[in-house]
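Spelled out from the first residue to the last, the chains are:
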Amino acid sequence: MSVAYCSRMSTLVAKNKRKRMERLNLKLSELVDKNPQLASVLHFMGIYFYQHSENTLGEICQQRGLDPDLVIRNFNEPDTNLKLSGINLMDYPLELVVEYLKHMHFVFIKERLTYLARLIEQYPDNEAVDLQDLKLIFPHFMQEFIEHAYEEEDTVFSNILILKKILNNPESLKTDSAKLPSLSIQHLAQAHQHHDGEMAEIKEIMDQLTVNAKLDVHARVIVASLRSFMDELKHHAKIENEILFPKALELEKSVLAL
Ligand SMILES: [Fe+2]
Ligand SMILES: [Fe+2]
């Protein structure tokens, strides 16, 4: 090993140690203000930054008996679901697109929405920033989304899988062991809507909040987390409208031509 290599390595180790200490000495409020995404990582470790905003990360780890290196490693882990959103689903078979969308419904409901609901609900009522409208609208938005996702799975996704089965075994139609779904893909594609009502209201509230210069850290984390969730939802709807439905319409055409 060369002397230059060893010296580079020891500089790197010293730099990492310094960074680690800097992070552990930051108050939770400073940590999430620098990087709002870390609030969600902390949430899933049972640490709610707004309840311990004046404590440093090092203090919290000590109080909870958590290994600080493990916590920091979790901060550095990229969100695999965000990585997944980079794949070009156009190149994948329809069944895989359905599986991906189902997986994202699960992530949205079990992770993103439960986190956001708690983050919003826990915002203190007596703060200078008024989040009452958001507190009122968000549970409706969440309910609407959950219903939409489950309905989509029970109609669109399941019809697609039935059509695929028929295409793979056309005889099943003749022997009456399979039936064409009662609702056409064309009909479902037209009916597919994305809670524009609540989404537009939430967007309006977020825009009003963003221009408010007096936002505290908790409110800033809410705005940043909502914004990134809305972006994910837009991407999800785009996949459904531009990849899932066009592929499903093609499949339906092939089945009807049998
Ligand atoms: Fe969906
Ligand atoms: Fe949808």
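Quick caveat: nothing in here was measured; it's all calculated off a predicted structure.

Enquirer: Any chance you could break down the environment of alanine 237 for me, citing the residues and the numbers?
Expert: Mapped onto the fold, alanine 237 is located in helix H12 (residues 217-256). Once the C-alpha coordinates of alanine 237 and proline 68 are considered, the two residues, 169 residues apart in sequence, prove to be 38 Å apart.

Enquirer: Could you give me a rundown of helix H7 (residues 94-121), with the residues and numbers involved?
Expert: If you check H7, its first and last C-alpha atoms are 38 Å apart, about what 28 residues at 1.5 Å a residue would give, namely 40 Å. Its axis deflected by about 35° at phenylalanine 108, H7 carries its strongest bend there. For H7, the complete set of buried residues consists of Val97, Val98, Leu101, Met104, Phe108, Arg112, Leu116, Leu119 and Ile120. Structurally, H7 contributes buried residues whose contacts are with helix H8 (132-168) and H12.

Enquirer: So what about the domain arrangement of the protein chain? Which residues, and what values?
Expert: With domains assigned, the protein chain is organised as domain 1 (3-77) and domain 2 (81-256). Centre-to-centre, using C-alpha coordinates, domain 1 lies 33 Å away from domain 2. At the level of elements, helix H2 (28-34) and helix H3 (37-43) are the ones that each hand at least two residues to the side of domain 1 that touches domain 2. In the side of domain 1 that touches domain 2, the residues fall into five nonpolar, four polar and one charged.

Reading the values: rules and limits
- Residues numbered from 1 in each chain as written.
- Chains lettered and ligands numbered in written order.
- Predicted model: local features only at pLDDT ≥ 70, side-chain atom pairs only at ≥ 80, totals over all residues.
- Helix = DSSP H or I, 4+ residues; strand = E, 2+ residues; numbered from the N terminus.
- Expected span 1.5 Å × (residues − 1).
- Bend = angle between axes of the 7 residues up to and from the residue.
- Buried ≥ 20, exposed ≤ 12 C-beta atoms within 10 Å, placed from the backbone.
- Contact = placed C-beta atoms within 7 Å.
- Domains from an automatic or database assignment.
- Nonpolar A, V, L, I, M, F, W, Y, C, P; charged D, E, K, R; others polar.

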